[in-house]
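Below are the chains, spelled out letter by letter.
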Amino acid sequence: MPAILRPSGALRDLVGGQTEIEVESGQTVRAALAVVGIKPEVVALVVVNEEQRSKDYVIQDGDIIRVLAVIGGG
Amino acid sequence: MRLYVDSTKCSGCNACRVACSLNLFGENNPKKSALVIEPHFPEPGLYTVKVCTQCGDCAKVCPTEAIKQDEKGAYYVDFAECNLCEACVPECPEGVMFVRAELSNSAWKCNLCGDCVSVCGTSALWIAEIETLTA
Amino acid sequence: MNGYAGRILRVNLTTATITKEPTPPDLARDFIGGRGFGIYFLLKEVPKGADPLGPENKLIISSGPISGMMIPGGGKCDWTTKAPLTGGYASASMGGHFTAEMRYAGLDSIILEGISPKPVTLFIDNDRVELRDASDLWGKTTFVVEKQFKEKLGEEYQIATIGPGGENLVSYACINHDYGRQAGRGGVGAVMGSKKVKAIVIHGTKSIPVADMEAYRKAGMALFKACKEAEGLKDWTRYGTTIVVSWCDEVGALPTRNFSAGSFEGGKNLYGPVMREKIVITDKGCFGCPSPCGKYSRSKKYNSYVEGPEYETIGLIGSNLGIDDIEAVAQANRLCDDLGIDTISAGNAIGWAMECYQKGIFTKKDTDGLDLKFGNVEATFALIEKIARREGLGALLSEGIKRASQKVGKGSEKFAIHVKGMEQSGYATHNATAMLLAYMTCDVGAHHNRSWAITYDLQVGRELVVPEKVARIIWLQNFRPMFDVLGGCRLQWVELNIDRELYVPALEAITGIHRSWQDLEKVGERIWNLTRLFWLRENEDFGRQWDMPSPRFYEEAPKTGATKGQITKIEDVNRLLDMYYEQRGWTSDGLPTTETIENLGLKALTH
């Protein structure tokens, strides 16, 4: 099963409006973000299978990866 | 149907109580609402919420039959029939039967309108079938 | 008047006279509420040159039209005064339930004037307003005071209280409420302490009149629906502002060792999920908030409870002091809350002191024997106590780092991280020009609340110095503080990204006056210029120099972390200011021009 990247609303603009993107397992979240065209620095939160992970997490088959933008801060 | 609450999700925001007062009285005044939020601070640091379980104990003791059931089976107070005798208040096992003469010349209670559920950001409140205990 | 509680309460503490006036419709129309009322009364009634801690200063507490309403975030009140910390404009926003209760007691604003001869509590129960003796409470910490009142009067009463910090006139003393919310910055607590008001206790049972009840309920429900359907709601509620600790660390915005860097090698131990797992008990929120950011916590190590720490406290008392233990930060947070001092200024001041010690400017003789190394938790706890009591080194630090560094000299001014005398809050601004400008031009000093722009820096190019960045900051400054004017919180828009147009019909239904966001930003622009004119009035030499950031941000590139080697050039700092003044319609020295004042219709207020 492929891993799925789900960008949050604000990030979808950066990927042409896609809500779900298949990404390759075996790479870090950071690398996957670069591949799909999202600068890792605008991602505040990475949630893999509903647990927060760092961008260095290595993607496994079937993972659901939600990435949330930093929107407005404090 | 009745209202349910998971108090562990309550943040104490009181949006439910404002929504309730707007529904029951058409007034923006959470003190005229039909659910109770008890803060327990500084220790243990949580809220407990009391809601009407639609048990009907209040209706059983009302001498003027002011507490009625609507078409959905939810108990409500007919303001015109209440004489503020307060017989209902101690009967309520949840403490959500309200008499405050300075705020209203009738008792009031939850009428299961559901507005509280609509404004609860943490989804602590929901409406569902009444669960009955089976032997 | 629709949308308003209807009365301004004046308390003259010198004469113990209490009066009430109807809220003027013109004031409501032009200044709306909250921070708007605050600047109006401050300019009009506090005479030029007033001593912030003297009888002529006033403390103006204001709710707004969405306070206490079925509107997401309707839980903030504004505390405006002349700031003991800076000698300029102070406006602190306090969450919790106080603002709602003000409205239910029939009050749009409370104005504290003069000085009481003895400690008092201001007691308000609907129309009954009294000054009660507070000599038995004087000296007590905030949790103790709040608990005492709640136990005596019941949970319907809302309490705002100062701690020993406010009593001792610490320049950044705060006001505490609901076991964990504060009117935090600028020394508003010291003003309350100087007036000898220990606490304000308030209770009300009135309803708020509304222009169109049906439309209001519909618009309020639409706002709550938008919040509940917001994509980030669950994550935001889980972590609150701690959601950005890891990200700030990653991009070099997490203040580390007195802002010498923006990434912290111990940062991982301070991230949101670590904190959640270790100490968080309850997601605690303010009135009417569907996205409670408060993380009420218990540290097992210190057996103490605190609402927090939130991002700022994690930044300023954690990474900024080289402390990587979230429980220690929580305990320090609790100490500051008990004593009633602002965690941001306190953390920043301690960081400055630690760098002084590191550089040999302070020895153990100066630190009362404390080994004031970065990372020393016990020394941090001890210093917090000393600051609140103004003892030993704490006395110096309690004045704020601008005064402290001027007194100490020896180059310590160069690493006092502040603007206009207010200690910089939790974002390191090495090579982040929009956020740097935000801190430089914020109307209370170096605070992030008006125009948070770090994401924008990263999206556009952090080193860029372009008119678009300046325009962005100005727009945010005209827009974001309007939530403080409305009596609510900006974070539902900021964090959940809900459509701000949803507020427009709600505000109109409540007040009966239609205002677009364009209208509201115009009010925001007027208020912004008025706060600037207040600084000008109160400081002889006010001008461009007051907007300059700490030299750390144009002279000392970090040696570690994500922004290693990155710094903004001084020429670019000046270019940012030049562009900002031009776009604001100010002189090259940063003063509103006569034309701007006239165009904004402010001539009458600014003789």
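Check the entry above for the structure.
Residues numbered from 1 in each chain as written. Chains lettered and ligands numbered in written order. Predicted model: local features only at pLDDT ≥ 70, side-chain atom pairs only at ≥ 80, totals over all residues.

### Describing the overall build of chain B
Inclusion rule: A helix here means a DSSP run of H or I that spans at least four residues, while a strand means a run of E at least two residues long, and both kinds are numbered starting from the N terminus. The quantity called the radius of gyration is restricted to C-alpha atoms. Its globule counterpart is 2.2 Å times the number of residues to the power 0.38. The exposure label follows from counting other C-beta atoms within 10 Å of a residue's C-beta, where the C-beta atoms are placed from the backbone and the thresholds are 20 or more for buried and 12 or fewer for exposed, leaving partly exposed in between. Remark: residues whose backbone-derived C-beta atoms lie within 7 Å of one another are considered to be in contact.
Secondary structure summary: chain B contains 3 helices and 6 strands in total. Listing each helix as α and each strand as β along chain B from the N terminus yields β-α-β-β-α-β-β-α-β. Against the globule reference of 14 Å for 135 residues, chain B gives a C-alpha radius of gyration of 15 Å, in line with a compact fold. Across its three principal directions, the C-alpha atoms of chain B cover 45 × 40 × 25 Å. Burial analysis of chain B (135 residues in total) assigns 41% to the buried set. The contacts of chain B with a sequence gap of at least 6 include a subset with a gap of at least 24, amounting to 57%.

### A word on helix α7 (residues 213–229) of chain C
Rules: Expected span of a helix, by definition, is 1.5 Å for each gap between consecutive residues, and there is one gap fewer than residues.
Its 17 residues give α7(C) an end-to-end C-alpha distance of 24 Å, which sits within 8% of 24 Å, the value for a rise of 1.5 Å per residue. All of the buried residues along α7(C) are Tyr216(C), Arg217(C), Ala219(C), Gly220(C), Leu223(C), Phe224(C) and Cys227(C). Among the structural elements, α1 (15–25) and α3 (115–119) of chain B together with α8 (233–239), α21 (491–496) and α22 (503–511) of chain C are those in contact with the buried residues of α7(C).

### Notes on the pairing of strand β1 (residues 7–12) of chain C
All names here are of chain C. Test applied: Think of it this way: DSSP has to see at least two bridges between two strands before they count as a pair.
Pairing geometry for β1 and strand β2 (residues 17–22), over 6 bridges, is antiparallel. In the sheet register, Arg10 faces β2, and the bridge partner there is Thr19. What sits between the antiparallel neighbours β1 and β2 is a turn of 4 residues, in which Ala16 has the positive phi angle 55°.

### What to know about the environment of Asp325(C)
Residues and elements named next belong to chain C. Along the chain, the position of Asp325 falls in the loop between α11 (311–318) and α12 (326–339). Owing to 18 C-beta atoms within 10 Å, Asp325 belongs among the partly exposed residues under this scheme. Sequence spacing of Asp325 and Gly590 is 265 residues, and the spatial spacing of their C-alpha atoms is 42 Å. Setting aside anything within four residues of it in sequence, one finds Asp325 in contact with Asn269 and Val377.

### Some remarks on the interface of chain B and chain C
We apply this condition: Three classes are used: nonpolar for Ala, Val, Leu, Ile, Met, Phe, Trp, Tyr, Cys and Pro, charged for Asp, Glu, Lys and Arg, and polar for all others, with Gly counted as polar.
Taken together, the contacts link 25 residues of chain B with 33 residues of chain C. In terms of residues, the side of chain B that touches chain C owes the most to one element, α1(B), which gives 4 residues. Taken together, the residues of the side of chain B that touches chain C sort by class into 11 nonpolar, 10 polar and 4 charged.

### Let's talk about the interface of chain C and chain A
On the chain A side, the residues contacting the 20 residues of chain C number 15 residues. Where the side of chain C that touches chain A is concerned, the elements lending two or more residues are α9 (245–251), α18 (454–460) and α21 of chain C. The element that contributes the greatest number of residues to the side of chain C that touches chain A is α18(C), accounting for 4 residues.

### Quick notes on the arrangement of the chains
For the 2 pairs of chains in contact, the maximum contact count is reached by chains B and C. The smallest C-alpha distance separating chain A from chain B is 17 Å, and no contact links them.

### Overview of the nonpolar core
Residues and elements named next belong to chain C. Filter applied, for reference: For our purposes the nonpolar core covers buried Ala, Val, Leu, Ile, Met, Phe, Trp, Tyr and Cys residues that link as a set through C-beta atoms within 7 Å.
Core analysis: the largest hydrophobic core is formed by 254 residues, its most contacted members being Val188, Ile341, Ala353 and Ala506. With 9 residues, the single largest contributor to this core is helix α13 (residues 343–358). Residues within four places of Ala506 in sequence aside, it is in contact with Ile71, Tyr216, Ala219, Gly220 and Leu223.

### Things to note about the sheet that holds strand β4 (residues 51–53) of chain A
Residue and element names in this part refer to chain A. The criterion, for reference: All axes are obtained by fitting lines to C-alpha atoms, using only the stretch in contact for helices, and the reported angles, taken between N-to-C directions, cover 0 to 180 degrees.
Taken in spatial order, the 5 strands of this open sheet run β2-β1-β5-β3-β4, and their pairing is mixed. Each end of this open sheet is capped by a strand with a single partner; those strands are β2 (21–23) and β4. For this sheet, the mean inter-axis angle between neighbouring strands, taken without regard to orientation, is 35°. Of the strand pairs in this sheet, strand β1 (residues 3–7) and β2 are connected by 3 bridges, and their pairing is antiparallel.

### Remarks on the sheet that holds strand β4 (residues 77–82) of chain C
All names here are of chain C. Read from one edge of the open sheet, 6 strands run β2-β1-β6-β3-β4-β5, paired in mixed fashion. Single-partner strands in this sheet number two, and they are β2 and β5 (89–94). Strand-to-strand twist in this sheet, taken as the mean axis angle between neighbours without regard to direction, amounts to 15°. Sheet topology places strand β3 (residues 59–62) next to strand β6 (residues 107–113); 4 bridges connect them, and they run antiparallel. For Ser62, the partnering residue across the bridge sits in β6 and is Ser109. Sheet contacts for helix α2 (residues 34–45): β3, β4, β5 and β6; angle to β4, the most-contacted strand, approximately 20°.

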